[in-house]
Every structure is written in structure tokens, then in C-alpha cells.
Amino acid sequence: MEEEKKKFKPFISASEFLPEFSLRAIIMGAIFGIIFGAASVYLGLKIGLTVSASIPIAVLAISVFKKLGNASILESNIVQTIGSAGESVAAGVVFTVPALLFLSGGQDYFHYFQIFVLALSGGILGVLFMVPLRRSLIVKEHGNLPYPEGTACADVLIAGEKGGKLAQKVYYGLGIAFLYKLFMSIMGLWKDTPQYLFNNKSVLPNAAVSGEITPELLGVGYIIGPKISGIMVAGGVLSSLVLIPLITMLGAGLTTVFPPETTQLISQMSADDIWDHYIRYIGAGAVTFGGIMTLIKTFPTIISAFRDSFRDLRKKDNTAETQSRTEKDIPLIYVLIGSVILIAFMAFIPNVLPAKGGSAILSSIMIVVFGFFFVTVSSRIVGLIGSSSNPISGMTIATLMATALIFVGIGWTGDAYQPIALVVGSIVCIASANAGATSQDLKTGYILGATPIKQQLGLIIGVLASTIAIGFTLTLLEHNIGIVTKTVAHKHPLPAPQAVLMATIIKGLLSHNLPWGLVLIGMGISAVMELCDVSSLAFAVGAYLPLSSTTPIFVGGVVKWLVDKKNKSKEAESDIGPGALFSSGLIAGGAITGIIISVLMGTAAETDKDGNIKTSVIEWLNNHIGGSIGDKLANLFGNGIAEWADLWAFGVFTMLAFILYKFATSKQEEKL
């Protein structure tokens, strides 16, 4: 391994000192971190997953620096390093923190400052815990751990030294996504969710075929590819077209309620009711089993990572290496001091987190133990299979189950301990997610010849900048659109599937009222998938999400399949191909426009005498613009146009998919 290390030469040698940690790079990175962090919050609440932002940020950084004047490759690397922290921290936050809304007493802690503290603490711990692991996992394992996104990002930055126009694909995606959602969601030119519903007396009672035809979901499907998107939509088909109709048919003749429901007969339930009372628990069991199986499969990797990491920490031969620019890390003493300060802050500052006294100390200990453990696991796993496949939800489930079982063992089973268990899991989740992204960034820097300590400081700045926006975005979306719970004001809330799963696990374990029969059925479904050599976690997430979310993802995967087929190779397009970059633009543009729409929903166009919102800006625009356009169409085609609304919406989405296909199959620029 040492011999391979000596042979490796970075793109910029250690003896060269180029501009790197410049003010303009820091500011630009922080701006991109805020933008992609906010977009990731929206995407994570919508479909329960996010996508890596490093490559599109690297491409955008290159293009912006070309306009500003000469910039070094190391400056562009700092931009993507700082910016990428936003996506990873956002993923950890939206997977866990919204669960506070569904835990006893947790609503009191779902406020901006608490979210800020959780995100900041978890994000910085993810960076600090990775510092002592860098030499072991990034340097010494350079030939064994490819870190695919980190290596691809280095390729982007190296190619960017030649200049070019590939970044235009990202901008095109941003613009088209903005216009698409403007026409759809504000002007009302077509429905956002075309569907076909079967009534509860039909041959397939309560079944539904639907699709939330947004550009961001189409882009996600293209990036994750046909295999994973196909598995996800298969899970959605099982829930919407098999389990819900089956439960409806079997329950039609019941004259008593069927547990866990206590008041409503199945014959009186809609498809949404059946999902809420039964499918949710089946899906939770399926995701739990899938996450645990993912961890079991990586257990040899976990053992190897810990063995190598602790062996490296015991060695005392790094003095000479740290004199080199490309080997300077944050000193270990500062890592320890920073970690202790963060833990003490969370444990002992009053009115910040739900834990107090002995529970605060125990929670802090569990955060350190589970955090360092899963940071190591996360870094090693993303080194092999990439950040997009990192089983963060599985690690969080394992943390929550271990925490809840420890609480049960010492008698802490009251409702007051539910938010405490969630806090432990959320900080570990955020730290693990950010550690995976940090590893990819450090790999990029190692290939380029960046200065590690400057990247590590940049990541901390990225965490701080993005965390400010993440808390604001999360509370904004909860206030204006809603999360999970349907109300008069929130008719189409964001489903937040991962967070609901975490809340279900905590409440069930601490309250001893989890409907284990339904949970075990879900586990059995995932077990069948594993025995069929199918990704049980992807299938389970699909079963847990509404079919309307997985259908457009599947369409994106089909477009990717068609592009690969035309190119005669499944590996024909790289992560910096035109289709991938255009899809990244669709994702960012669609998510950001969704946030803008949320702001418009919470802004008053008309108020009542008490100053409350009578008509929001978005409603005013729909009434005065969308309505008039709808009237004109009705006058032109007749009132029967409404009968074709679903088909018209599907046709527009098909046009968007065709545009993606054309961009993906366009002649790829050799230069960036």
C-alpha cells in the first residue's frame, strides 16, 4: 500500500502553491451550499432521498470563474467542497428532524433554533470525525476505495482547466424546470398530478394510478437509472395496486374495526385512509428490514474500516508527512476539543434539546459512540459504492432501535423520552451523511493535490452556511405546505417518508404499541425481495412512497435506458454527460421553484379584518391568470376540456421527458 502511495502523483504537486482558500471561493461555495441545501430539503421531504450535488456545483463553479477571470483549479475545488455540504446535511435533517412533529412533546422542539443546533452539531461532527480517518481511508486505500463521485468530480475539475460549454446543460435544466413549474403550478395550464382512480366498489377497489409530473422527479429517475427506478416503482405498484385493493376487498364484509384502527370500518375507508392505518406500518417494516440487511451486507467492510482506522491512529510516524502541504489536516487536539465543545453544548445548555441531566449525559455518550462508528462505516461504504447508495436510513434505524432498547432497558419508556431518542438518531444521521460527502470531497482533493486542512475548514464553513438556510426552509415548508398531516390549509402536504418511519419506530418501541403483525409482514416482503436478489431497500422505499412519486422517477429511468440503448452501452454516459448535467439542473430548478411557490403560498395578496391571510399570492395568481386561461381553453374547445385534463397533463410531461432525451443524446462537448 505504501508503494502505491509513493507512485501516486496529484494533479498539482505538493510543492506548488496556487490560490485555494480565497474569499471569492468561500462566498461562492456558501451560496451554492445554501441553494442546493434548500433544494435538497424540498426533495427529501417529497420523496425521501437526495442526490449528490458535488458534480453540478463543480461544473457551475468552473463556468462562473470563467466569467470572473482566472481562477485556479484548487479554488474551484474549494467551491464544490463548501457547496456539497449543503446537500449532505439537508439529507440528514429531512430524514429525521420532521419526526419531532409526530412524537409526544416533539412539536415544542420543531423550531428554527433547535433545527439549526441539530444540523450544525451533526454536520460539524461528521467533518471532525473524518479528520483522523483521512489517511487511513483516502490516502492509504487510494487504490482500493474508488470513491466514485469524488473521482468523477476530480475529472470534471481537471477537464475544466480546458474551458468550454458543458455547464450550459445545467443552466438549461434550471431554466426549463422553472418555466415548467411556473406554467403548471402558478398559471395552472395543466394538472400537477394526473390520475385514474378506482372507486371502492369496482373490480380493483380503491386502486389508483397517478403521477406527480414534476421536473425534479424526472431528473432523479434519470440519475439513479432504470434498474433502481424500476425497483422503486415496483414497490409503489405493490402498495397501490395490490395491497390497498386487497385490504379493501377483505375488509368489505367486516362489521367491526380492524386493528390498529379503533373507530372506522375498512368499508368506510378511502385509499388514503388504508395507507395511513395499514400500509404505513407494512412499509415501515419493509424499510427497516431493508436497512438492516444493507448494514449486514457491509459488515465485513465495517470490521475492515475499524481495524485499519484504529491501527492508523496508533501509529506515530506521521510527523514528516504533516510537513507537506497536501498532508496537513486539522490537528487532532482541535478535533477533540471541537467535539467535546459540541457535545457539551448539546448536553448542558438549557432549553436547546429535550434531554436533561442524566438523560443528556447518556445521550451525549451515545452520540459519540454511534456517531464515530457510523461515520467510519459511511466513509468506507461510499468509497466502494458511492454516496447515492449510502444506507444512511439503515444506519439511523439501527441507531434509533439501539437507543430505544437502551432506554427500555433502564426504564425510560415514557413519552418524554421519544424526542430524546430522535435527537440521538438525527445527529448520528446528519454526521454520517456529511461524513460520506466529506470523504468524496477529500478524495477529490487528494487527486487534485488540494490542502486537506483548507478543505476541512471549508466543509465546516459549508455546514454553517447551509444550516442557516436548511432550518429556515424546513420551517417555511412546514408552515406553508405542511408535512404529512392534511388540513384545510395544507391539502397537499409533503409526505416526508423517512421522518415518518423514524417516528413510527420510536413510538412503537417506547410505547409498546407497534402493530407488529403489519410490521413483520413488511419485513417478510423485503425478505422475499432479498431472496430474489432484488434491492430490498429500494423496493421498500417505493412501497412506502405514494405511487404518484415513484411513477415520474420511473419515467426518468426509462429515458436513461433509451439513451443507453441508443449509445449501445450502459456505461456510455458518465456522471458529467449532458443528460446527467441537464437532470441535475431539472432537480435543482424544480426544487427551488417549489420553495418559491411555498413562499407565495404563505404571502398574503388579500387579508381579512384581523390581518390574517384571506387570499395568498399563489391563489390570486391562479384565480386571475390560471382561471382566465382555463376559461379561454373552455371557450375554444368546449367545457368537455376538463375530461381531457389528465391526458393533457401526461402529454406535457411526455414532452419534458422527450426534451431530456434530446439533451442526453446530443453531441457531448469535449470541453467543459
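Draft legend 1. Fine view of the overall build of the protein chain. Helix and strand counts for the protein chain come out as 23 helices and four strands. When burial is assessed residue by residue, the protein chain has 57% of its 672 residues classed as buried. Here the analysis covers contacts within the protein chain between residues at least 6 apart in sequence; of these, 82% occur between residues at least 24 apart. Taken as a whole, the protein chain presents about 27500 Å² of accessible surface, with 65% of it coming from carbon and sulfur.

Draft legend 2. Quick peek at helix α21 (residues 578-601). Between its terminal C-alpha atoms α21 stretches 34 Å, which fits the 34 Å expected from 24 residues at 1.5 Å a residue. In terms of burial, α21 is largely enclosed, as 19 of its 24 residues are buried.

Draft legend 3. Representation of the packing of helix α18 (residues 516-531) against helix α19 (residues 536-544) in the model. The interhelical angle for the contact between α18 and α19, taken along N-to-C directions, is 140°, at an axis separation of 9 Å. Accordingly, the angle class assigned to the pair α18 and α19 is oblique. The element α18 and its partner α19 pack so that their crossing is right-handed. Contact with α18, carried on its side by Ile525, Ser526, Met529 and Glu530, involves Ser536, Phe539 and Ala540 of α19 and no other residues of that element. Looking at the contact of α18 with α19 residue by residue, the class counts come to four nonpolar, two polar and one charged.

Draft legend 4. Focus on empty space enclosed by the protein. All chains considered together, the criterion is met by seven cavities of 30 Å³ or more. The computed volume of the second largest cavity comes to approximately 100 Å³. Secondary-structure elements contributing two or more residues to the lining of the second largest cavity are α10 (271-297), α17 (497-511) and α18.

Draft legend 5. Seen up close, the environment of Asn480. Inspection of the secondary structure puts Asn480 in helix α16 (residues 452-480). By relative accessible area, which is 9% here, Asn480 ends up buried. It is 9.3 Å that separates the C-alpha atoms of Asn480 and Ile597, two residues lying 117 residues apart in sequence.

Draft legend 6. Highlighting a nonpolar patch on the surface. A grouping of Tyr112, Phe113, Phe345, Leu464, Ile468 and Phe472 is seen on the molecular surface, where their side chains present a nonpolar patch of about 550 Å² in accessible area. Secondary-structure elements contributing two or more residues to the nonpolar patch are α5 (112-130) and α16. The biggest single contributor to the nonpolar patch is α16, with three residues. Assignment of secondary structure puts Phe113 in helix α5. The exposure class of Phe113 is partly exposed, given its relative accessible area of 43%.

Draft legend 7. View of the nonpolar core. Residues Leu45, Val93, Leu125 and Leu474 are the most contacted members of the largest nonpolar core, which totals 127 residues. Per-element tally for this core: the top contributor is helix α15 (residues 418-448), with 14 residues. Aside from chain neighbours lying at most four places away, what touches Leu474 is Val41, Leu45, Val93, Val97, Pro98, Phe110, Ile115 and Ile483. Counting 31 residues, the second largest nonpolar core, distinct from the first, contains Phe32, Ala53, Val59 and Leu448.

Draft legend 8. View of the packing of aromatic side chains. Evaluation of the coordinates by the stated rule reveals seven aromatic pairs. Summarising the aromatic geometry, the rings of Tyr172 and Phe663 are spaced 5.5 Å apart at their centres and angled 50° between planes, so their arrangement reads as tilted. On the criterion of sequence distance, the pair formed by Tyr172 in helix α8 (residues 167-186) and Phe663 in helix α23 (residues 645-664) is long-range, its members being 491 residues apart. Here a set of aromatic residues connected by ring pairs shows up, and it is made of Tyr172, Phe582 and Phe663. Taking NZ or CZ as reference, Arg325 lies 5.8 Å from the ring centre of Phe17, over its face. Looking at Lys560, its charged tip hangs above the ring of Tyr222, at a distance of 5.9 Å from the centre.

Draft legend 9. Local environment of α23. For α23, which comprises 20 residues, the first-to-last C-alpha distance of 29 Å matches the rise-based estimate of 28 Å (1.5 Å per residue) to within 8%. Within α23, the full set of buried residues consists of Ala649, Val652, Phe653, Leu656, Ala657, Leu660, Phe663 and Ala664. Angular distribution of buried residues about the axis of α23 spans 140°; they occupy a single face of the element. Facing away from the buried side of α23, by more than 90 degrees, are the exposed residues Leu647, Met655 and Phe658.

Draft legend 10. Looking closely at the pattern of salt bridges. Here the structure, examined in full by the defined rule, presents eight salt bridges. Salt-bridge contacts for Asp329 lead to Arg134; the nearest nitrogen and oxygen are separated by 2.6 Å. Of the two residues, Asp329 is situated in the loop between α11 (299-314) and α12 (332-348) and Arg134 in helix α6 (residues 134-139); the sequence distance between them amounts to 195 residues. Neither residue differs from the other here; Asp329 and Arg134 are each classed as buried. The shortest N-O distance in the salt bridge between Lys560 and Asp564 comes to 2.9 Å. You can see Lys560 and its partner Asp564 sitting in helix α20 (residues 547-566), four residues apart, about one turn around the helix. Here Lys560 matches Asp564 in class, with each residue buried. Each of Arg134, Glu327 and Asp329 takes part in a single network of salt bridges with overlapping partners.

Draft legend 11. Quick look at the side chain of Glu530. Tracing the backbone through its elements, the reader meets Glu530 in helix α18. Setting aside anything within four residues of it in sequence, one finds Glu530 in contact with Phe289, Met293, Lys297 and Ser536.

Draft legend 12. Summary view of unusual backbone geometry. Cis rather than trans, the peptide bond between Pro259 and Pro260 has omega equal to 10°. The phi angle at Asp533 is positive, at roughly 60°, despite the residue not being glycine. In this structure, Asp533 sits in the loop between α18 and α19. We classify Asp533 as exposed; its relative accessible area is 73%.

Draft legend 13. The arrangement of the packing of α20 against α23 in detail. At their nearest, the axes of α20 and α23 sit 10 Å apart, and the two run at 35° to each other. When the axes of α20 and α23 are compared, the crossing they make is right-handed. Of the residues in α23, those in contact with Pro552, Val555, Val559, Leu562, Val563 and Lys566 of α20 are Phe653, Ala657, Leu660, Tyr661 and Ala664. For the contact of α20 with α23, the residue count by class is ten nonpolar, no polar and one charged.

Draft legend 14. Summary view of the environment of Ala664. Within the fold, Ala664 resides in helix α23. For the pair Ala664 and Ser583, spaced 81 residues apart in sequence, the C-alpha to C-alpha distance is 9.0 Å. If sequence neighbours within four positions are ignored, Ala664 has contacts with Tyr222, Val563, Pro578 and Gly579.

Draft legend 15. Molecular detail of the confidence of the model for the protein chain. Mean pLDDT over the protein chain stands at 79; residues scoring 70 or higher make up 82%. In the model of the protein chain, helix α1 (residues 2-7) stands out as the element of lowest mean pLDDT, 50, in contrast to α16, which has the highest, 91. Confidence over residues 1-5 falls short of pLDDT 50; this stretch has nine contacts with residues more than four positions distant or in other chains. Low confidence marks residues 316-322, where pLDDT is under 50. Its contacts with residues over four positions away, or in another chain, come to seven contacts.

Calculation notes
- Residues numbered from 1 in each chain as written.
- Predicted model: local features only at pLDDT ≥ 70, side-chain atom pairs only at ≥ 80, totals over all residues.
- Heavy atoms only, no water.
- Helix = DSSP H or I, 4+ residues; strand = E, 2+ residues; numbered from the N terminus.
- Buried < 20%, exposed > 50% of the residue type's maximum accessible area, 1.4 Å probe, protein only.
- Contact = heavy atoms within 4.5 Å.
- Areas by Shrake-Rupley, 256 points an atom, 1.4 Å probe, with all protein chains shown as cover.
- Expected span 1.5 Å × (residues − 1).
- Axes fitted to C-alpha atoms, helices over the stretch in contact; angles between N-to-C directions.
- Parallel < 35°, antiparallel > 145°, perpendicular 65-115°, else oblique.
- Left-handed = near helix turned anticlockwise from the far one by under 90°.
- Nonpolar A, V, L, I, M, F, W, Y, C, P; charged D, E, K, R; others polar.
- 1 Å grid on protein atoms, 1.4 Å probe; cavity = no way out; pocket = protein on both sides within 12 Å on 5 of 7 lines; lining within 4 Å.
- Points joined across faces, edges and corners; volume = space filled by probe spheres on them.
- Patch = residues over 30% accessible without salt bridge, like charges linked within 9 Å, V, L, I, M, F, W, Y side chains within 5 Å.
- Salt bridge = Lys/Arg side-chain N within 4 Å of Asp/Glu carboxyl O.
- Core = buried A, V, L, I, M, F, W, Y, C linked by side-chain atoms within 4.5 Å.
- Phe/Tyr/Trp six-rings, centres within 6.5 Å; stacked < 30°, edge-to-face > 60°.
- Lys NZ or Arg CZ within 6 Å of the ring centre and 35° of its normal.
- Arc of directions from axis to C-beta.
- pLDDT = per-residue confidence, 0-100.

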